[in-house]
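Report on the structure
Here's the letter readout for the chains.
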Amino acid sequence: MLEHPTPEVSHFHHVKIRTLDVGICGTDREICTFVYGAPPGGSDYLVLGHEALGQVVEVGDAVSRFKVGDLVVPSVRRPCADTRCIPCSLDRQDFCSTWTFTERGINQYHGYMTESFVDHEKFLTFVPPELREIAVLVEPLTVAEKGLAQVWKTQQRLPWGSAQANEPRGKGLNALVLGAGPVGILGAMALKVQGFNTFVYSRSKKPNFKASLVESIGVEYISSEAISVDELSRHIGSIDLVYEAVGVPGITFDVLRVLGINGVYVMTGIPAPKAPIPVAASEIMRNVVLKNQAIVGTVNADAEAFTSAIRDLGTFNRLWPKAVRQIITGRHTLDGYQDLLVGKATGIKNVISFE
Ligand code: BGC
Ligand code: ZN
C-alpha cells in the first residue's frame, strides 16, 4: 500500500470518480506473482484494480453523458497510440491490431484500487442505482457478453440462421460452462437468460456452495468427479456451445474433444506460461473439420458489451436476486488486501469496499 497522487480532471471530457467497490480476480493475483501485467512506463509500481464501481464527483466542461452523483463502471482496455490501428480508431481496442494497447490495473496503466480515479467519459458506462450492490460484477460479466456476441456472429455461418425472432436465441441449444468461478457463474446466468439449456462443469463434488448457487437458477452443476468428459454428451446431449471460464489448458482441450456438431467453443481463460502438454490432436482436428466446429477466443470488452452487461445484470437482479448477490462472497476493507491478493483464494468474488 502506498501514497499515489490524487488524479485530477485535466480534459473537457474527463470524469472524476470516487471509488466504491473493486473486485479481485485471478488476473490480479497473477499480477502479484509477477507472471503477468506491467507498470506504466517510468513508474516502478502498478496500481491494481480493473473491476470497479464508482460515483461521479466531478465532470469536465464538455461531459454530456454523466453528472455528479451518477454511478459508473469503467472499462479496462485503452486504445494504442498508433493512428493506423483501425480497431482502436473505431473504439474497438478489444481487437487492437498493434498489440500495444494498455489495460487499466493490468498493463501499463494504473487501475482503480485508489480512493478516486479519472477517465474519459467514453470509457464509462452508467449504472442504474438499483444495481449499486452488485455492479462490481459488471466487468467480469462483460467477458460473457462479448463472448456471446462472438457466438452469434460465428453462427451466422449456419445457412438457416438462428432461433425464431420472438424466441431467445439459445432456445433448444445446450451450453456447457467450464469452471464455477465468477466468470463461469456469470456466464451461466447470461446463457440461461438467452434460453440455452445450461450446465456448469467443475471439479468439486456435490454438494457444495457453488453447485447450490447455480442449481438455484435452474442450471445443472456437473462435477468432473462424478461424470467424466467422455460421458458428458450422453448426459447433456449434443454440446452446441462450450464457454470456457477455467483457464486450465488440460481440461479445456479435453472437453474440446466432445464439442457437438456445428458447435462453437469460446475460450476466455488466460493461463500463465507452462510446459507443453499432450492433447488428443488428431481426434480434435478430425472433429473440428468433420463437425464444422469453430473455436473463438474472446477478450473483453467494448462499450456495447458493458451496456449489455448492465442490462443482463438488471435481469439477473429481477430473476435471481439472491443468487446474484451470493456471487459476492466477501466484502473487505482495503487493509485486507494482502490476504486477498497473495493469500489462499477463497469464496467466489471478493470485493474491496472503499466506502
Ligand atoms: C480482464 C480483461 C483483460 C484480461 C487480460 C481480465 O481479467 O477482465 O479486461 O483484458 O484480463 O489482461
Ligand atoms: Zn478480472
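Before any of the text, the structure's been laid out above.
This structure is a prediction, so every number in the text was calculated from the model and none was measured.

Every residue near ligand 1 is listed here: Cys25, Thr27, Tyr36, His50, Val76, Glu103, Ile106, Glu139, Ile270, Val299 and Asn300. Here an oxygen atom of ligand 1 and a side-chain polar atom of glutamate 103 are 2.6 Å apart. In the environment of ligand 1, an oxygen atom lies 2.5 Å from a nitrogen or oxygen atom belonging to the side chain of asparagine 300. Notes on ligand 1: free accessible area 310 Å², of which the protein chains cover 91%. Along the lines of polarity and charge, the residues of the shell around ligand 1 split into 6 nonpolar, 3 polar and 2 charged.

What follows concerns the sheet that holds strand E14 (residues 294-297). Strand order in the open sheet formed by 6 strands is E11-E10-E9-E12-E13-E14, with parallel pairing between adjacent strands. Pairing within the sheet leaves two strands with one partner each, and these edge strands are strand E11 (220-223) and E14. Pairwise comparison of adjacent strand axes, ignoring direction, gives a mean angle of 20 degrees for this sheet.

All chains considered together, the criterion is met by 1 cavity of 30 Å³ or more. Put simply, the largest cavity is a space of about 40 Å³. Counting only elements with at least two residues in the lining of the largest cavity, the list comes to helix H3 (138-154) and strand E12 (241-244). Broken down by element, the residue count for the lining of the largest cavity peaks at 4 residues, all from H3.

The two faces of a sheet get side chains in turn, since along a regular strand they alternate between them. Sheet analysis places strand E10 (residues 197-202) next to E11, joined by 4 bridges and oriented parallel. Each bridged residue has a counterpart across the sheet, and for phenylalanine 199 the counterpart in E11 is glutamate 220. Following the chain from E10 across helix H5 (residues 209-215) to the adjacent parallel E11, one finds a crossover that is right-handed.

What follows deals with the coordination of the zinc ion (ligand 2). Looking at the metal site, the zinc ion (ligand 2) is ligated by Cys25 (SG), His50 (NE2) and Glu51 (OE), spaced 2.0 to 2.4 Å from it. Counting the intervening residues between successive donors of the zinc ion (ligand 2) yields the motif C-x24-H-E. Of this pair, cysteine 25 sits in the loop between strand E1 (14-24) and helix H1 (26-31) while glutamate 51 sits in strand E2 (residues 51-59); the two residues are 26 residues apart in sequence, bridging distant segments of the chain. By relative accessible area, cysteine 25 is classed as buried at 15%.

Here we come to the packing of H3 against helix H4 (residues 182-193). Closest axis-to-axis distance for the H3/H4 pair is 8 Å, and the angle between their directions is 50 degrees. Judged on the interaxial angle alone, H4 and H3 are oblique. For the element pair H3 and H4, the recorded crossing hand is right-handed. Contact residues: H3 offers Pro140, Leu141, Val143, Ala144, Glu145 and Leu148, while H4 offers Val183, Leu186, Gly187, Ala190 and Leu191. Broken down by class, the residue content of the contact of H3 with H4 amounts to 9 nonpolar, 1 polar and 1 charged.

Here the focus is the packing of aromatic side chains. Inspection of every chain in the model, using the stated rule, returns 4 aromatic pairs. For the pair tyrosine 112 and phenylalanine 117, a centre-to-centre distance of 4.5 Å together with 50 degrees between the ring planes defines the contact as tilted. A residue is classified by how much of its surface remains accessible, and tyrosine 112, at 0% relative accessible area, is buried. In this structure phenylalanine 117 comes out as buried when scored by relative accessible area, which is 1%.

Let us look at the pattern of salt bridges. Evaluated as defined, the whole model comprises 22 salt bridges. A salt bridge links arginine 84 to aspartate 82; the shortest N-O distance between them is 3.2 Å. Residue aspartate 82 is classed as partly exposed on the basis of its relative accessible area, which comes to 25%. A salt bridge links glutamate 355 to arginine 132; its shortest N-O distance comes to 3.1 Å. On the criterion of sequence distance, the pair formed by glutamate 355 in the segment after strand E16 (349-353) and arginine 132 in the loop between strand E8 (124-127) and H3 is long-range, its members being 223 residues apart. Salt bridges linked by common partners bring Arg18, Asp21, Arg132, Arg331 and Glu355 together as one network.

Running from N to C, H3 and helix H9 (residues 303-319) cross one another at 105 degrees; their axes reach a closest spacing of 8 Å. Classified by the interaxial angle, the pair formed by H3 and H9 is roughly perpendicular. Taken together, the residues of H9 that come into contact with H3 (itself represented by Val138, Glu139, Leu141, Thr142, Glu145 and Lys146) are Ala305, Phe306, Ser308, Ala309, Ile310, Asp312, Leu313 and Phe316.

Listing the buried residues of helix H7 (residues 249-256) in full gives Thr252, Val255 and Leu256. Burial along H7 is one-sided: seen end-on, the buried residues are contained in an arc of 110 degrees.

Looking now at the sheet that holds strand E4 (residues 77-78). Pairing between the strands of a sheet is mediated by backbone hydrogen bonds and can be parallel or antiparallel. Read from one edge to the other, the open sheet built from 3 strands follows the order E4-E5-E6, with strand pairing classed as mixed. Strands at the two margins of the open sheet, each flanked by one partner only, are E4 and strand E6 (108-109).

This next bit is on the layout of surface pockets. Computed from the structure, the second largest pocket encloses a volume of approximately 850 Å³. Every residue lining the second largest pocket is counted, 28 residues in all, and those nearest its centre are Met1, Leu2, Leu46, Val47 and Leu48. A per-element tally of the lining of the second largest pocket places helix H11 (residues 337-342) first, with 4 residues.

Criteria and thresholds
- Residues numbered from 1 in each chain as written.
- Chains lettered and ligands numbered in written order.
- Predicted model: local features only at pLDDT ≥ 70, side-chain atom pairs only at ≥ 80, totals over all residues.
- Heavy atoms only, no water.
- Near = heavy atom within 4 Å.
- Polar contact = N/O pair within 3.5 Å; in protein donor to acceptor, adjacent residues only side chain to side chain.
- Areas by Shrake-Rupley, 256 points an atom, 1.4 Å probe, with all protein chains shown as cover.
- Nonpolar A, V, L, I, M, F, W, Y, C, P; charged D, E, K, R; others polar.
- Pairing = 2+ DSSP bridges.
- Helix = DSSP H or I, 4+ residues; strand = E, 2+ residues; numbered from the N terminus.
- Axes fitted to C-alpha atoms, helices over the stretch in contact; angles between N-to-C directions.
- 1 Å grid on protein atoms, 1.4 Å probe; cavity = no way out; pocket = protein on both sides within 12 Å on 5 of 7 lines; lining within 4 Å.
- Points joined across faces, edges and corners; volume = space filled by probe spheres on them.
- Right-handed = clockwise from strand over helix to strand, strands pointing away.
- Donors = N, O, S within 2.8 Å, 3.2 Å for Na, K, Ca; no water.
- Buried < 20%, exposed > 50% of the residue type's maximum accessible area, 1.4 Å probe, protein only.
- Parallel < 35°, antiparallel > 145°, perpendicular 65-115°, else oblique.
- Left-handed = near helix turned anticlockwise from the far one by under 90°.
- Contact = heavy atoms within 4.5 Å.
- Phe/Tyr/Trp six-rings, centres within 6.5 Å; stacked < 30°, edge-to-face > 60°.
- Salt bridge = Lys/Arg side-chain N within 4 Å of Asp/Glu carboxyl O.
- Arc of directions from axis to C-beta.

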